[in-house]
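# Summary of the model geometry
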Amino acid sequence: MGLHSYFGGTTIQTLKMAAVPAYSRFIFRPISRTLVALDSLPRHSPRPPFPILVRALSTAAAVQTTAPSTESMGTATVAKPQWKAAIDFKWIRDNREAVAENIRKRNSKASLELVLELYEKMLAVQKEVEKLRGERNAVANKMKGKLEPSERQKFIEAGKNLKEALTSLEEDLVKLSDELQQEAQSIPNMTHPDVPIGGEDSSAVRKMVGSPREFSFPMKDHLQLGKELDLFDFDAAAEVSGSKFYYLKNEAVLLEMALVNWTLSQVMQKGFTPLITPEIVRSSIVEKCGFQPRGDNTQVYSIEGSDQCLIGTAEIPVGGIHMDSILAESVLPLKYAAFSHCFRTEAGAAGLATRGLYRVHQFSKVEMFVLCRPEESDAYHEELIRIEEDFFSSLGLHYKTLDMASEDLGAPAYRKFDVEAWMPGLGRYGEISSASNCTDYQSRRLGIRYRPAEFAASTNPKKGGKSNLAPTKFVHTLNATACAIPRMIICILENNQQEDGSVIIPEPLRPFMGGMELILPKHTG
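The name recorded for the chain in an unreviewed UniProt entry is serine--tRNA ligase, from Linum trigynum.

### Some words on the packing of aromatic side chains
Two measures describe an aromatic ring pair: the distance that separates the ring centres and the angle between the ring planes. Within the structure shown, the criterion is met by 7 aromatic pairs. Considering the side-chain rings of Phe-215 and Phe-217, the 5.6 Å spacing of their centres and the 80° angle between planes classify their relative orientation as edge-to-face. Overall, the relative accessible area of 12% leaves Phe-217 in the buried class. Ring geometry for Phe-234 against Tyr-246: centres 6.2 Å apart, planes inclined by 45°, an arrangement best described as tilted. Of this pair, Phe-234 sits in helix α6 (residues 234-240) while Tyr-246 sits in the loop between α6 and β9 (247-248), and the two are 12 residues apart along the sequence. Under the relative-accessibility criterion, Tyr-246 is labelled buried at 19%. Between Arg-206 and the ring centre of Phe-417, over which it is positioned, the NZ or CZ distance is 4.0 Å. Its guanidinium or amino end placed over the ring of Tyr-358, Arg-487 lies 3.7 Å from that ring's centre, counting from NZ or CZ.

### Considering the sheet that holds strand β17 (residues 415-423)
Spatial strand order, β7-β16-β17-β18-β23-β15-β14-β10: 8 strands in an open sheet with mixed pairing. The outermost strands of the open sheet, each flanked by one partner alone, are β7 (204-209) and β10 (273-276). Here the average twist between neighbouring strands, direction ignored, is 25°. Across 5 bridges, strand β16 (residues 399-403) lies against β17 in antiparallel orientation. Looking across to β17, one finds that Lys-400 is bridged to Glu-420. Running over the sheet, helix α7 (residues 251-268) touches β10, β14 (334-343), β15 (362-372) and β23 (476-484) and is turned about 10° from β15.

### Concerning the nonpolar core
In this structure, Leu-259, Ile-432 and Leu-509 are the most contacted members of the largest nonpolar core, which totals 56 residues. Counting only elements with at least two residues in this core, the list comes to α7, β14, β15, α10 (377-394), β17, β18 (428-437), β23 and α12 (485-495). Among the elements that take part in this core, α7 stands out by supplying 8 residues, more than any other.

### Quick look at the UniProt feature "site: Important for serine binding" (unreviewed entry) in the chain
Following the UniProt record, the feature "site: Important for serine binding" (unreviewed entry) maps to Thr-481 here. Following the sequence through the fold, Thr-481 ends up in strand β23. For Thr-481, the contacting residues outside a window of four places in its chain are Lys-365, Val-366, Glu-367, Met-368, Glu-388, Ile-432, Ser-433 and Ser-434.

### Side note on the state of the cysteines
Following the criterion strictly, the structure yields 0 disulfides and no others. Cys-289 carries a free sulfur, and the closest cysteine sulfur to it, the one in Cys-438, is 8.8 Å from it. Residue classification places Cys-289 among the buried residues on the basis of a relative accessible area of 0%. Left unpaired, Cys-483 is separated from the closest cysteine sulfur, that of Cys-491, by 9.9 Å. Judged by its relative accessible area of 3%, Cys-483 falls in the buried class.

The rules behind the values
- Residues numbered from 1 in each chain as written.
- Predicted model: local features only at pLDDT ≥ 70, side-chain atom pairs only at ≥ 80, totals over all residues.
- Heavy atoms only, no water.
- Phe/Tyr/Trp six-rings, centres within 6.5 Å; stacked < 30°, edge-to-face > 60°.
- Buried < 20%, exposed > 50% of the residue type's maximum accessible area, 1.4 Å probe, protein only.
- Helix = DSSP H or I, 4+ residues; strand = E, 2+ residues; numbered from the N terminus.
- Lys NZ or Arg CZ within 6 Å of the ring centre and 35° of its normal.
- Pairing = 2+ DSSP bridges.
- Axes fitted to C-alpha atoms, helices over the stretch in contact; angles between N-to-C directions.
- Contact = heavy atoms within 4.5 Å.
- Core = buried A, V, L, I, M, F, W, Y, C linked by side-chain atoms within 4.5 Å.
- UniProt positions renumbered as here; feature names shortened; annotations may be inferred.
- Disulfide = S-S within 2.5 Å.

Right, here's the structure in full:
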């Protein structure tokens, strides 16, 4: 059990890992609220600087609990999903070959055969339930007429037997549906046809910018530079918080602030709305975005005794802004740039580059997030990676852009581009950003739809003359790292170090650091 400390009557909750069901997949259609969209804005009307949210008005939300429950089904125990979605099982069955091939390409552990087997069982039970309901209704209708007492008693007994049988079958149907949902949640998003097949080593280089710097003096890594320039304190942070935490000091603080403000100023010029997000969210939102909030190797900190987690990326709270909503097509695309602190357990990171700022439990980041029409998502994916590349080129970094291979995509991504910058201290490239097109994987589970502007012109006088609105569609979502602060600080310090121990501040950041051009060594004694 976690310990609770009390300061002035305030309870401080501890963080603890626990197992819950795995996350859901792209073919889910969330059971959303009864949604009302304000589609009154014309397609080309001026947009407000902060687009209006069209929220659901009904309380018939997707089923959600604070903790997973279990139900016994025969000898097996079925985990009851934390939240439910309307999964398109018919689509899975009709496209079983494509789904099976996609599972193979991604080296996924999903069991398509089990999903299809459970689906057929559910259909059979559903058919039997409908049959019994029909028989029950027939008996009820017969009892409405004038009957002899003996005949009425026969119908009463028949109705009682049908009710008992129906209750039992309906319970089986619910349990089958829960088990089917749990198994189907392991199916990943489909994959872009141009994605390289295989593991990380199969990823393809899309672009290479610059070349590694050659030093005419002994090169120092960011840890040594940080010590000599008095920029970090890892020792004190380890005492206060534990390993993989840090204090930033002096010019490092100004550098973080400069990176954040410069990045936001750049993306706002490209039409992004700035956000500062909540950093604690419900576990269900984490799952719906495609992350696993609990488990042996989770990267998510969960709050014990609650259904909440610390965010590992602003993608999660930004994804939830429009949850269970229907947006007017005229407000699309929605482009957000969100600043937040991020928290990651870094479970399973042993043996990787873990020294200094490269892999830490808490860091600041600016994340870009786009919601758009399906036919536009590939183009916005290209726009996002161009923005990232322009940023890194402006800072004078040597980097390469990769089209990540199928086994390295993660469940939500249809396609993912990574940017890796040269880090002299590591003697290799290190990831500094990524850009993912998640198509409708997240929006189907978060319940984010839009109503196309076109609608049928005909009216039906018998129905009050109302226009026939076009059916809603799911938006596509994309996310991309604009600036992950610690690794950018690594790149700047190591690549811009000078023989006298100073570090040159990249020119675009100088206006955001009071005109400072150099970080100079601190001479003591």
